[in-house]
Amino acid sequence: MARSVAAGLGQLGSVAQELPTTPLYTEQLLPRIQALLAAIRAGSGSIMALADEQF
């Protein structure tokens, strides 16, 4: 299975190189993934604790 996943990722990489939007994703969005993932894992407790009037 690991080989098939690696092969699929290799194919995805070659397709991504042909797309004109690749620089957008690699330069702008991919660097943000870790921060976004941390926010997702933290949950919505802090924002949901605010009263409607605080927005």
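## Side note on the overall build of the chain
Phase 1 of the analysis: A count of helices and strands for the chain gives four helices and zero strands.
Phase 2 of the analysis: Written out in order from the N terminus, the α and β elements of the chain read α-α-α-α.
Phase 3 of the analysis: Within the chain, buried positions represent 2% of all 55 residues.

## Let's talk about helix 3 (residues 33-42)
One turn of an α-helix holds 3.6 residues; hence residues three or four places apart share an orientation.
Phase 1 of the analysis: Burial runs low along helix 3: only zero of the ten residues are buried.
Phase 2 of the analysis: In the stretch just after helix 3, Gly-43 is the one whose phi turns positive, near 85°.

## What to know about the environment of Thr-26
Phase 1 of the analysis: Checked against the element boundaries, Thr-26 lands in helix 2 (residues 22-29).
Phase 2 of the analysis: At 3.4 Å, the side chain of Thr-26 and the backbone oxygen of Pro-23 are in polar contact.

## Structural notes on the confidence of the model for the chain
Phase 1 of the analysis: Of the residues in the chain, 69% have a pLDDT of 70 or more, and the chain-wide mean is 78.
Phase 2 of the analysis: The secondary-structure element of the chain with the lowest mean pLDDT is helix 1 (residues 2-18), recorded at 60, while helix 3 shows the highest, at 89.

## Re a nonpolar patch on the surface
Phase 1 of the analysis: Taken together, the side chains of Ile-47, Met-48, Leu-50 and Phe-55 present a nonpolar region at the surface, about 450 Å² in accessible area.
Phase 2 of the analysis: Among the structural elements, Met-48 can be located in helix 4 (residues 45-48).
Phase 3 of the analysis: Residue Met-48 is classed as exposed on the basis of its relative accessible area, which comes to 62%.

Cut-offs used in this document
- Residues numbered from 1 in each chain as written.
- Predicted model: local features only at pLDDT ≥ 70, side-chain atom pairs only at ≥ 80, totals over all residues.
- Heavy atoms only, no water.
- Helix = DSSP H or I, 4+ residues; strand = E, 2+ residues; numbered from the N terminus.
- Buried < 20%, exposed > 50% of the residue type's maximum accessible area, 1.4 Å probe, protein only.
- Polar contact = N/O pair within 3.5 Å; in protein donor to acceptor, adjacent residues only side chain to side chain.
- pLDDT = per-residue confidence, 0-100.
- Patch = residues over 30% accessible without salt bridge, like charges linked within 9 Å, V, L, I, M, F, W, Y side chains within 5 Å.
- Areas by Shrake-Rupley, 256 points an atom, 1.4 Å probe, with all protein chains shown as cover.
- Salt bridge = Lys/Arg side-chain N within 4 Å of Asp/Glu carboxyl O.

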